[in-house]
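One letter stands for each residue in the lines below.
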Amino acid sequence: MKIFCPNRPNRYGDIILSLPHLNWLEKQYPDSYKVAAISPACKQIIPLLYNHPLINNIYVTENDENFTVEDILKSGSFGSFDEYYNPFPQVTDSGWFNKRHISLELFIMNCDLLNNERRTLLEYNSLDEQDKFPKLNPWFKSNKHKNCIAILPETGYGNLDSTIKQRSPTKEFWTSLTDPLVKRGYHILQFGHPKSEKLEHKNIEDCRNLSFFDMIKEILGCELLIGTDTGAMHVINAYGFN
């Protein structure tokens with residue numbers, strides 16, 4: 001059984017939060033060969049997926065968006081597939097976040113069960129509890145940073161659109177949050193996309209110049225992470241960091 005499961009390939013957070021879909025596919029089709037897809041904008045996430053037990057291969061798409069699964073299949077990179085899914089499934093409704101957590105929403109979207117809510121919940125609840133949420137296992141080492149707290153001030157890693165400011169806490173918020181931590185002896189490290197806005201504060205070290213992979217390694221070495229709804233935060237959570 002060969003399955004193509006692109007799972008919203010142009011959003012760091014959605015790629016990670018869609019991993020439970022693979023658990024469901026493995027339950028439906030044991031030992032199936034699964035090909036994931038990543039867009040060029042998110043290819044820095046690929047090293048974090050190298051050792052995922054349910055990803056057999058990864059296809060990097062030509063474009064970040066505006067393509068269909070049929071376009072990818074025509075490329076012939078992996079031959080034919082027995083089963084495949086829409087790379088850009090739509091949300092169930094505009095107010096989904098008031099009804100369910102994001103992992104369940106993406107499960108519904110990726111399984112293409114939008115019109116059968118009862119079956120969706122049955123399928124989701126058939127998973128073991130640990131399989132309902134994304135999980136990553138580190139194959140790399142992280143240097144420990146004693147008394148260091150990482151912060152991710154902006155939402156949407158790499159998505160520099162008009163909604164970033166609306167969904168991100170203000171500079172004043174971060175100042176009010178970090179100042180007491182500095183007084184307690186903590187060192188504050190700001191991480192994020194290189195083009196994200198720097199917090200101009202003498203007590204915050206700028207660490208935005210790292211690749212996505214190196215950023216994740218450094219954050220995992222900190223004692224605490226404080227962040228927003230961003231892809232890097234979802235990656236860190238998948239590693240069980242708290």
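Our structure is the block above this text.
Note that the coordinates shown come from a computational prediction; the quantities given were computed from them, not determined experimentally.

Enquirer: Would you mind showing me how to read the overall build of the protein chain here?
Expert: Regarding its fold elements, the protein chain presents nine helices and eight strands. Relative to the globule expectation of 18 Å for 242 residues, the C-alpha radius of gyration of the protein chain, 19 Å, shows essentially globular dimensions. When its C-alpha atoms are laid out on the principal axes, the protein chain stretches across 60 × 35 × 35 Å. Here the protein chain holds 242 residues, and 50% of them are scored as buried. Considering only residue pairs separated by 6 or more positions, the protein chain has 63% of its internal contacts joining residues 24 or more positions apart. The average position of the 26 basic charges and that of the 30 acidic charges among the side chains of the protein chain differ by 5 Å.

Enquirer: Explain the layout of surface pockets here, please?
Expert: Think of a ball as big as a water molecule: rolled over the atoms, this probe shows where empty space is left. Estimated volume of the second largest pocket: approximately 230 Å³. What lines the second largest pocket is a set of 14 residues, among which Asn-23, His-52, Asp-131, Lys-135 and Asn-137 lie closest to the centre.

Enquirer: What's the story with the sheet that holds strand S4 (residues 83–84) in this structure? I'm lost.
Expert: What holds strands together in a sheet is hydrogen bonding between their backbones, with the strands either parallel or antiparallel. Pairing within the open sheet is parallel, and its four strands lie in the order S3-S2-S1-S4. Among the strands making up the open sheet, the edge pair consists of strand S3 (57–60) and S4. Here helix H2 (residues 19–28) sits on the sheet in contact with strand S1 (2–5) and strand S2 (33–38), set at roughly 160 degrees to S1.

Enquirer: So what exactly am I meant to see when it comes to the nonpolar core here?
Expert: Inside soluble globular proteins, nonpolar side chains tend to come together where they are buried. Counting 50 residues, the largest nonpolar core has Ile-45, Phe-212 and Ile-216 as the members making the most contacts within it. Listing elements by their share of this core, those giving two or more residues are S1, helix H1 (12–17), H2, S2, helix H4 (102–110), strand S5 (148–152), helix H8 (212–220) and helix H9 (231–238). The biggest single contributor to this core is H8, with six residues. In this view, Ile-45 contacts Tyr-12, Ile-15, Ile-16, Ile-38, Phe-212 and Val-235; residues no more than four positions away in its chain are not counted. Counting nine residues, the second-largest nonpolar core is a separate cluster that includes Phe-4, Ala-37, Phe-67 and Phe-81.

Enquirer: Is there a simple way to explain empty space enclosed by the protein in this structure?
Expert: Tallying each qualifying case throughout the model produces three cavities of 30 Å³ or more. Space inside the second largest cavity adds up to approximately 80 Å³. Around the second largest cavity sit Cys-5, Pro-6, Asn-7, Ile-15, Ser-18, Leu-19, Leu-22, Ala-36, Ala-37, Ile-38, Leu-49 and Ile-55, which together line it. Only H2 and S2 provide two or more residues apiece to the lining of the second largest cavity. Top contributing element to the lining of the second largest cavity by residue count: S2, with three residues. For the lining of the second largest cavity, a count of residues per class yields ten nonpolar, two polar and no charged.

Criteria and cut-off values
- Residues numbered from 1 in each chain as written.
- Predicted model: local features only at pLDDT ≥ 70, side-chain atom pairs only at ≥ 80, totals over all residues.
- Heavy atoms only, no water.
- Helix = DSSP H or I, 4+ residues; strand = E, 2+ residues; numbered from the N terminus.
- Rg over C-alpha atoms; globule rule 2.2 N^0.38 Å.
- Buried < 20%, exposed > 50% of the residue type's maximum accessible area, 1.4 Å probe, protein only.
- Contact = heavy atoms within 4.5 Å.
- Lys, Arg positive; Asp, Glu negative; His and termini not counted.
- Charge placed at Lys NZ, Arg CZ, Asp CG, Glu CD.
- 1 Å grid on protein atoms, 1.4 Å probe; cavity = no way out; pocket = protein on both sides within 12 Å on 5 of 7 lines; lining within 4 Å.
- Points joined across faces, edges and corners; volume = space filled by probe spheres on them.
- Pairing = 2+ DSSP bridges.
- Axes fitted to C-alpha atoms, helices over the stretch in contact; angles between N-to-C directions.
- Core = buried A, V, L, I, M, F, W, Y, C linked by side-chain atoms within 4.5 Å.
- Nonpolar A, V, L, I, M, F, W, Y, C, P; charged D, E, K, R; others polar.

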